[in-house]
There are 2 protein chains.
Amino acid sequence: MINKIGLDLYGGDNAPESTIQGAIFALKNGILKNSELYIIGNLEDKTVFQGHENVHFIEAENTVTNETKPTQVIRLKNSSIYKGCEMLRTGDLDAFVSAGNTGALLSAGTFIAGRLEGIKRPALALALPGKNNKPRILVDAGANSEVKAEHFYDFAREGIAYAKFMDIKNPRVGILNIGTEEEKGTSTVRDAAEILKEKEDIDYVGFVEAREIFGNNFDVLLTDGFTGNNILKTIEGTAYYILDELRSTVNKGGLLTKIGALLMKKSLYSLRSKIDYRQYGGTFFLGVNGHLVKAHGSSDSEAISNAIYVAQKASSENLVSKITL
Amino acid sequence: MINKIGLDLYGGDNAPESTIQGAIFALKNGILKNSELYIIGNLEDKTVFQGHENVHFIEAENTVTNETKPTQVIRLKNSSIYKGCEMLRTGDLDAFVSAGNTGALLSAGTFIAGRLEGIKRPALALALPGKNNKPRILVDAGANSEVKAEHFYDFAREGIAYAKFMDIKNPRVGILNIGTEEEKGTSTVRDAAEILKEKEDIDYVGFVEAREIFGNNFDVLLTDGFTGNNILKTIEGTAYYILDELRSTVNKGGLLTKIGALLMKKSLYSLRSKIDYRQYGGTFFLGVNGHLVKAHGSSDSEAISNAIYVAQKASSENLVSKITL
């Protein structure tokens, strides 16, 4: 089977250069072996892709910016995001990768590509690092700020499919809460727990506290997109704060401290890459009718090629088909 | 002025031993110089406090457990938590310190001690570490899971008073959100932003993203208690995860890595204590009619004596009186 992968030329802080370089890296390194790549946007100089017969160009405008509201994208029919999602809907693409405006991309995915049957709320599913080098899946990492208890069943099915895609067998599902006791938290999470307990297709393990987020008691962690996004950015902020403080302690320290840091440099570097959730490439808007991959806004060419890799892998394995029950 | 400080003998994982030892440490180290200490609970062997004339004993039962629901504490009139809050209400205490059940303590504080005039929602205010060794204040860190936009004005006044208590001049107030743009987030935070913009007594600086939580753009960060508590535990979980991974990298590393770690031991240790928010002692339930200090559930004697110290300092400066506007 040939995978048809779309790539948004625009969107992201370093586009279009990072997009072009990321695509070239992916092409040269065999990531797109059994795939056709569709670059969506007005690329003036197409000669950089000479010699790659599996690259195609779809004309589209750079009209979705960081300021575009989710509701506006529906009217921007010539934008790269609109065209990519339209091609997901018609089956002209199996996957679409964009580093553009998250809200606009979700809106285009939901209303232009459409939702999977039985899914009310597509969500952002993200792989977090964790103990034993095993990823754990956070759903929703930022798509839906306000949710109802029933949406947690959608999130659970999306997260389980993604966990299996990440080679986690028999994924266990938890709900993020401020305590593990039944009466803790908001009425939304308490009602969601009651719903999941009754579902035979969910291995529901109960409430999980945020201090256990890197632990081994669950594989898929469910929360609303407001809390999920805040959690994600708190991890990022804390990790950078600790590493910065460590650096500043070393700088202020004596000669022995500096020698110590030098000797530990490799360990510190490997730690930094370990806690960087971007190592897994793009994140998915799951529940959309097609593989919609969000690359980080500040993606460099390596991040883009990682996102192309996961898009290609998801298409090959037909990740999306595993969500519909 | 003599400060009347109450101390819950029960509550907390290591009580009553840690409570007794913490009180003795505080007494011996002059923390309770201008204070009368009221130990609330049935202490059989009172001889350990012999020679300390400013120690008094209030008989009370150990009937509030971790399983006690917030609504039940109102009926446990002989419990230490009930009696402490009752003494706050009558003015027989200026401050009450407990390491017990958070929900029960908040409920007793709100309904037995009572709320300050003009405050609808008391909240848990907590000092987080941050860049430049300056604390920043998180409100609500876990008291109110479900809040309305108007409650953010209560949280702001509580946070500002606490920030000033922590020697922060002219505290700037931000609202935690998943983006800094006006249209981001839940309707609650958007409405709260509109309310705070209009208040002349609040230096409102806008939305703050969680990755900036250790940054310098705000002094007081407002959020609902569900998100706040999750944020707090995420910081804790991330910090421990990073330090554990670092330790495990060192253990697996070669001789040079191990020597490096040894040379850096002091720096790593100082980092650990820096990111530990428990360094600031207890946290306050602000908005309650009296100084209600929550010590961490796993408090050891040092943490208890820190909590007694902040209770004593808050009483001396009459922190609570600075909230009512």
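Definitions and limits used
Residues numbered from 1 in each chain as written. Chains lettered and ligands numbered in written order. Predicted model: local features only at pLDDT ≥ 70, side-chain atom pairs only at ≥ 80, totals over all residues. Heavy atoms only, no water. UniProt positions renumbered as here; feature names shortened; annotations may be inferred. Helix = DSSP H or I, 4+ residues; strand = E, 2+ residues; numbered from the N terminus. Rg over C-alpha atoms; globule rule 2.2 N^0.38 Å. Buried < 20%, exposed > 50% of the residue type's maximum accessible area, 1.4 Å probe, protein only. Contact = heavy atoms within 4.5 Å. Areas by Shrake-Rupley, 256 points an atom, 1.4 Å probe, with all protein chains shown as cover. Lys, Arg positive; Asp, Glu negative; His and termini not counted. Charge placed at Lys NZ, Arg CZ, Asp CG, Glu CD. Buried area = accessible area lost by both parts, 1.4 Å probe. Salt bridge = Lys/Arg side-chain N within 4 Å of Asp/Glu carboxyl O. Polar contact = N/O pair within 3.5 Å; in protein donor to acceptor, adjacent residues only side chain to side chain. Nonpolar A, V, L, I, M, F, W, Y, C, P; charged D, E, K, R; others polar. Least-squares fit on C-alpha atoms with pLDDT ≥ 70 in both. Axes fitted to C-alpha atoms, helices over the stretch in contact; angles between N-to-C directions. Parallel < 35°, antiparallel > 145°, perpendicular 65-115°, else oblique. Left-handed = near helix turned anticlockwise from the far one by under 90°.

An unreviewed UniProt entry annotates chain A as Phosphate acyltransferase originating from Geotoga petraea. Comment text from UniProt for chain A, heading Pathway (unreviewed entry), reads "Lipid metabolism; phospholipid metabolism."

Q: Got a minute to help me understand the overall build of chain A in this structure?
A: A tally of regular secondary structure across chain A gives nine helices and 11 strands. Relative to the compact-globule value of 20 Å for 325 residues, chain A shows a C-alpha radius of gyration of 21 Å, a close match. Seen through its principal axes, chain A has C-alpha atoms that stretch 60 × 55 × 35 Å. Scored against the burial criterion, the 325 residues of chain A give a buried share of 57%. At a minimum sequence separation of 6, the contacts of chain A that also span at least 24 residues come to 71%. Of the accessible surface of chain A, which amounts to about 13600 Å², a share of 48% is contributed by carbon and sulfur atoms. Side-chain charges in chain A split into 37 positive and 40 negative, and the spacing between the mean points of these groups amounts to 4 Å.

Q: Explain the interface of chain B and chain A to me, please; I cannot follow it from the model alone.
A: One frequently used descriptor of interface size is the decrease in accessible area upon assembly of the parts. Taken together, the contact pairs 51 residues of chain B with 50 residues of chain A. Both faces considered, chain B and chain A share a buried interface measuring about 5000 Å² in area, 66% of it formed by carbon and sulfur atoms. Summed over the shared surface of chain B and chain A, the result is four salt bridges. Here E236(B) makes a salt bridge to R211(A), at a shortest N to O gap of 3.2 Å. The interface formed by chain B and chain A holds 10 residue pairs in polar contact (both at pLDDT 80 or more) in total. Here the element with the most residues in the side of chain B that touches chain A is helix α6 (residues 225-252) of chain B; it accounts for 19 residues. Across the side of chain B that touches chain A, the residue classes break down as 22 nonpolar, 18 polar and 11 charged.

Q: Quick question: what am I supposed to make of the relation of the copies chain B and chain A here?
A: Two copies of a chain can be linked by a rotation about an axis combined with a shift along that same axis. When chain B is fitted onto chain A, the two copies agree to an RMSD of 0.0 Å after a turn of 180° and an axial shift of 0.0 Å. The operation mapping one copy onto its partner corresponds to a two-fold rotation axis. Residue G260(B), judged by its C-alpha, is the member of chain B lying nearest the rotation axis, at 1.8 Å. A high fraction, 98%, of the interface residues of chain B reappear at the interface in chain A, so the copies pair face to face through one surface.

Q: Looking at this structure, I do not really get the side chain of D219(A). What am I missing?
A: You can see D219(A) is positioned in the loop between β8 (203-208) and β9 (220-222). If we skip the residues at most four places from it in the chain, D219(A) touches K134(A), R136(A), I137(A), I168(A), N170(A), P171(A) and R172(A).

Q: What is the right way to look at the packing of helix α6 (residues 225-252) of chain A against helix α8 (residues 265-274) of chain B in this model?
A: Between two packed helices, both the angle of their axes relative to each other and the distance between the axes serve to describe the pair. α8(B) packs onto α6(A) with a crossing angle of 140° between their chain directions and a minimal axis gap of 10 Å. One element, α6(A), and the other, α8(B), form an angle in the oblique class. In this structure, α6(A) meets α8(B) at a crossing whose hand is right-handed. Across the interface between the two elements, Y241(A), I242(A), E245(A), L246(A) and T249(A) of α6(A) pack against S267(B), L268(B), S270(B), L271(B) and K274(B) of α8(B). Here the residues of the contact of α6(A) with α8(B) are counted per class, giving five nonpolar, three polar and two charged.

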